[in-house]
Amino acid sequence: QVQVVDSGGNLVQAGGSLRLSCTASGSIFSINAMGWYRQAPGKQRELVAAITNIGGTNYADSVKGRFTISRDNAKNTTYLQMNSLKPEDTAVYYCYADISPSISSSYFYRHWGQGTQVTVSS
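All of these numbers come straight from a predicted model, not from anything done at the bench. (Residues numbered from 1 in each chain as written. Predicted model: local features only at pLDDT ≥ 70, side-chain atom pairs only at ≥ 80, totals over all residues. Heavy atoms only, no water.)

### Description of the overall build of the chain
Argument step 1. On a plain count of helices and strands, the chain comes out with zero helices and eleven strands.
Argument step 2. Secondary structure elements of the chain, listed N to C terminal, follow the sequence β-β-β-β-β-β-β-β-β-β-β.
Argument step 3. In summary, the chain has a C-alpha radius of gyration of 14 Å against a globular reference of 14 Å for 122 residues, a match within 12%.
Argument step 4. Put simply, the chain has 122 residues, and 39% of those count as buried.
Argument step 5. Taking the intrachain contacts of the chain between residues at least 6 apart in sequence as the baseline, contacts between residues at least 24 apart amount to 57%.
Argument step 6. Summed over all atoms, the accessible surface of the chain reaches about 6600 Å², with 47% contributed by carbon and sulfur.
Argument step 7. Between the centroid of the 10 positive side chains of the chain and the centroid of its 7 negative side chains there is a distance of 1 Å. (Helix = DSSP H or I, 4+ residues; strand = E, 2+ residues; numbered from the N terminus. Rg over C-alpha atoms; globule rule 2.2 N^0.38 Å. Buried < 20%, exposed > 50% of the residue type's maximum accessible area, 1.4 Å probe, protein only. Contact = heavy atoms within 4.5 Å. Areas by Shrake-Rupley, 256 points an atom, 1.4 Å probe, with all protein chains shown as cover. Lys, Arg positive; Asp, Glu negative; His and termini not counted. Charge placed at Lys NZ, Arg CZ, Asp CG, Glu CD.)

Okay, here's the thing in structure tokens:
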């Protein structure tokens, strides 16, 4: 059984910073990509950032230069460092991890965190 837990969301003023964390645990053989989506009220879910198992990254245009995704493979953890936060960054942020449960598995399965609220005040 795999569990993905994300945390770190908070209320912060515009221009401030937050660091989100996401840790996967349980039956894990390997993790391919990890990343973060966000969903704001009345908006569609948006991919914010993703990182591959070897460190390749991808960012939404709206966060490039402000957000940095990283991972610690030894800890099965990804981080999203969010700087220069704007009110439009307000959303629930959901972590995901694409996990292979065993050496015999042919596929990676996407597991989701419970979501963590980020609120940026103006």
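Further notes follow.
### A few points about the nonpolar core
Argument step 1. Counting residues in each nonpolar core, the largest one holds 28 residues, and the members touching the most others are Trp 36, Val 48, Phe 67, Leu 80, Met 82 and Tyr 93.
Argument step 2. Looking at this core, the elements that each hand over two or more residues are strand 3 (18–26), strand 4 (30–39), strand 5 (46–51), strand 7 (67–72), strand 8 (77–82), strand 9 (91–100) and strand 11 (116–121).
Argument step 3. Sorting elements by how many residues they give to this core places strand 9 first, with five residues. (Core = buried A, V, L, I, M, F, W, Y, C linked by side-chain atoms within 4.5 Å.)

### Here we look at the state of the cysteines
Argument step 1. A full pass over the atoms with the stated rule returns one disulfide.
Argument step 2. With a sulfur-sulfur separation of 1.9 Å, Cys 22 is cross-linked through a disulfide to Cys 95. Between Cys 22 and Cys 95, the S-S dihedral sits near -75°, and the bridge is therefore left-handed. You can see Cys 22 sitting in strand 3 and its partner Cys 95 sitting in strand 9, a full 73 residues away along the chain.
Argument step 3. With relative accessibility at 0%, the residue Cys 22 sits in the buried group. (Disulfide = S-S within 2.5 Å.)

### Description of the packing of aromatic side chains
Aromatic ring pairs are defined here through the distance separating the ring centres and the angle between the ring planes.
Argument step 1. The final tally for this structure, using the stated rule, is three aromatic pairs.
Argument step 2. Ring plane angle 55° and centroid distance 5.7 Å describe the contact between Tyr 37 and Tyr 96, whose orientation is recorded as tilted. Taken together, the residues span a long stretch of sequence, with Tyr 37 in strand 4 and Tyr 96 in strand 9 at a distance of 59 residues. Assigned by exposure class, Tyr 37 and Tyr 96 land together as buried.
Argument step 3. With centroids separated by 5.7 Å and ring planes inclined at 55°, the aromatic side chains of Tyr 96 and Trp 112 adopt a geometry described as tilted. On the criterion of sequence distance, the pair formed by Tyr 96 in strand 9 and Trp 112 in strand 10 (residues 109–112) is long-range, its members being 16 residues apart.
Argument step 4. Residue classification places Tyr 96 among the buried residues on the basis of a relative accessible area of 4%.
Argument step 5. Of the residues examined, Trp 112 reaches a relative accessible area of 34% and is grouped as partly exposed.
Argument step 6. One aromatic cluster in this structure is built from Tyr 37, Tyr 96 and Trp 112. (Phe/Tyr/Trp six-rings, centres within 6.5 Å; stacked < 30°, edge-to-face > 60°.)

### A closer look at unusual backbone geometry
Argument step 1. Non-glycine residue Asn 76 carries a positive phi angle of around 50°.
Argument step 2. Along the chain, Asn 76 turns up in the loop between strand 7 and strand 8.
Argument step 3. Here the phi dihedral of Ser 84 falls at roughly 50°; this positive angle occurs in a residue that is not glycine.
Argument step 4. Judged by its relative accessible area of 40%, Ser 84 is partly exposed.

Such coordinate-based values are descriptive only and should not be taken to indicate function.
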